[in-house]
Amino acid sequence: MIFMNNNKNEVELEKLKLNIAAYNFKDELQKSGTLRKQRKGVNIMKKKIIATACASLILVSGIVVATSIKKSNDSDRGLGDGINNAVESGYVANPNAEGTDNNSTIANTELSNINAKITIEDFLMDDVNLSTQILFEFDNKIKDAVNLDKVISIELTDLIVRDEENRIIYGGNNEERFKKYCKENNLNYTFCEFNENYMNCGVNCFNVMKDKESNSIKIMYNMYTSDTYPKSKKLYFSFQTIMFNELVMSKEKKLELKGNWEITVDVPENMYTRTDEYYKVISCDNPDFNIYIAKLTNTGFEIGVIISNIEKPEEDVIKKEDFLIALENYQNGKISKDEYDKKALWNKEYNDLLTPIQVTDYNYTDGKSGKASYVENENGKRFKFALSPARRAKTYFIDGNKYDFYETFGMTKYDATNKIKVILYYYGEPVTIALEKL
C-alpha cells in the first residue's frame, strides 16, 4: 500500500499494483534457483531474512515501503483493512510513552546537545504485527543540519525491541549494535540465529506528518514476523541512531542523529490475552476443496484450502525469460508500455494458471476490475484479502496434483458473525464455502 497526495492517489495506486504483480512474479522466479525447477511455496514473510526498507517507490514481495506526508485515513497503518478495522474498533494502545536525549549529535559534524524527544503515541500487537506510531520532536538546532521540508523518511537503523521475558521482538539488521545490546543486557542470542525467543522480522515505515514550525515528524513504524509474536506484557524500545533521508536535487542524502533513547510501554490486556476463534465447514460446492483451517483473529480472517485434482501447468522458459527482460526494459524506459503489455499479457495468462484462485480485483494488464475472492458476513458486508507484508499467505502446488491455498482477509473479530461465507474465484468461477463458528 502506498499513500500519496489525494489528487494522485488513484493513479499511483494502480501503478503500484502493476509493480506488485510483476515483482512478485520476478521475485518468485529468482528464488526458484533455476527456471526449470518446480516453483516452491510462497509465504509472504520468508524465513531467515530480515527485510528493512523505508521510503522507497517500489514495492517488492514481502516488503511494503512507501513515501508519504499525509494519510487520507487516520486509522490506516499501511497493513491492510483487517488492521485498520481493528484499530477503528479500539484494538490499539495509546501509551504516549516518551524518551528524551538532550545531548544527541549529528554524526560527522560539530552539532551537539540537540534536544530530541521521541514519543510512542500508539501501537498494536498481534501474532504477526507490531505497529507503532512514533512522534519525533527536535529543538531548533536540528535546522542547522536537517531540512525537514526535504526529509522523505526517518529510519531507526539500530532499533531493538525486547519484552519483559527478554525475548527479542525485533532485533534489527545492525549486527554490531545487536551484539553490544545483548552483552549489556546479559542476553544469550546470536545475530540472525532466530528461535522461539528471537523473532525473525521485517519492517516497513512511512511518514505520517511533518511540521517544520515545530520541528516534528511523525512516522508509522511497522514490524512484522514470519514467526509468531509472544503475548508480551511490556515492550522495551531501544535505539541510538535516527537516520534522516533527504531528497536533494533528485539525490538522496543521509544524516545521522546519534544519541540514546529508551522507551518502555505496557501492552494492554486485550493484546496479551489475545485468542483465536475458529469456524467449521457447513458446506462447500466444490468437492475438490478441503478446508483445513478457518481462523478468526483480532486483525484478520485466515482460511487454508487443499485443492485436489489440479495439475500444475508446464513452465514456458523462453517466454518467462522474455517477460523479465521486457519488465526491466520497461522500467528503464527502453520500451513502451504497449510493448511491455504484450509480455505482461502472457505473464497474466500464465500466472492465472499458476495461481488458480484470484484474490485481487485488479487486472494489471488492462486496468479493469476482475473477480476477486472475498469473505461475507451475515450482514452482507464483504471483506477483501489483506494487502499486507504481515499477512499469512501461501499459494503453491504440492505433490499428487494438489494445490495449497492460504490467505488472510480483512474481516476481524469486530466484524464477524456466527455464520459467514467465503467466495473463492477458482479459474474465474466462484466456489462458495459456508462456515459457522465452533
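The structure displayed is predicted, hence computed values, not measured ones. (Residues numbered from 1 in each chain as written. Predicted model: local features only at pLDDT ≥ 70, side-chain atom pairs only at ≥ 80, totals over all residues. Heavy atoms only, no water.)

## As for the overall build of the protein
Condition: A run of H or I in DSSP becomes a helix once it reaches four residues, and a run of E becomes a strand once it reaches two; helices and strands are each numbered from the N terminus. Think of it in three bands: with a 1.4 Å probe and only protein chains considered, a residue is buried below 20% of the maximum accessible area for its type, exposed above 50%, and partly exposed in between. Whether two residues are in contact is decided by their heavy atoms, any of which lying within 4.5 Å being enough. Shrake-Rupley sampling with a 1.4 Å probe provides the accessible areas, and residues are treated as covered by the protein chains on show and by no other component.
Of the regular secondary structure elements, the protein holds six helices and 21 strands. Counting the 438 residues in the protein, one finds 54% classified as buried. Partitioning the intrachain contacts of the protein with sequence separation of at least 6 by distance along the chain shows that 67% fall at a separation of at least 24. Taken as a whole, the protein presents about 20,100 Å² of accessible surface, with 44% of it coming from carbon and sulfur.

## A few points about the packing of aromatic side chains
Heads up, the rule is: Each aromatic pair joins two rings of Phe, Tyr and Trp (for Trp, the six-membered one) with centres within 6.5 Å, and gets the label stacked for planes under 30 degrees apart, edge-to-face for over 60, and tilted for any other angle.
Evaluation of the coordinates by the stated rule reveals 12 aromatic pairs. With 5.0 Å between their ring centres and 20 degrees between their planes, F178 and Y198 make a pair best called stacked. Placement of the pair is F178 in helix α3 (residues 175–184) and Y198 in the loop between α3 and β8 (201–211), with a sequence separation of 20 residues. Between Y426 and Y427, the aromatic rings sit 5.0 Å apart at their centres with planes inclined by 45 degrees, giving tilted as the arrangement. Look at Y426 and you get buried, because its relative accessible area is 14%. Put simply, the rings of F178, Y189, F191, F194 and Y198 touch in pairs and so form one group of aromatic residues.

## Considerations on the nonpolar core
The following threshold applies: Buried residues of nine kinds, namely Ala, Val, Leu, Ile, Met, Phe, Trp, Tyr and Cys, make up a nonpolar core once their side-chain atoms join them within 4.5 Å.
Grouped together as the largest cluster of nonpolar side chains are 52 residues, with contacts concentrated most on L130, M223, L235, F237, I242 and F244. Per element, the largest residue contribution to this core is seven residues, and it comes from strand β3 (residues 114–125). For I242, the contacting residues outside a window of four places in its chain are I118, F136, F138, I154, E155, L156, L255, E256, L257 and W261. L296, A416, V422 and L424 belong to the second largest nonpolar core, which has 28 residues in total.

## Side note on the pattern of salt bridges
So the rule is basically this: What counts as a salt bridge is simple: a side-chain nitrogen of Lys or Arg found within 4 Å of a carboxyl oxygen of Asp or Glu.
In this structure the tally under the stated criterion is 19 salt bridges. For K234, the salt bridge goes to D266, with nearest N and O atoms at 2.3 Å. Here D266 lies in strand β11 (residues 251–266) and K234 lies in strand β10 (residues 234–248), a separation of 32 residues in the sequence. Owing to a relative accessible area of 32%, K234 belongs among the partly exposed residues under this scheme. Salt bridges linked by common partners bring E98, K117 and E137 together as one network.

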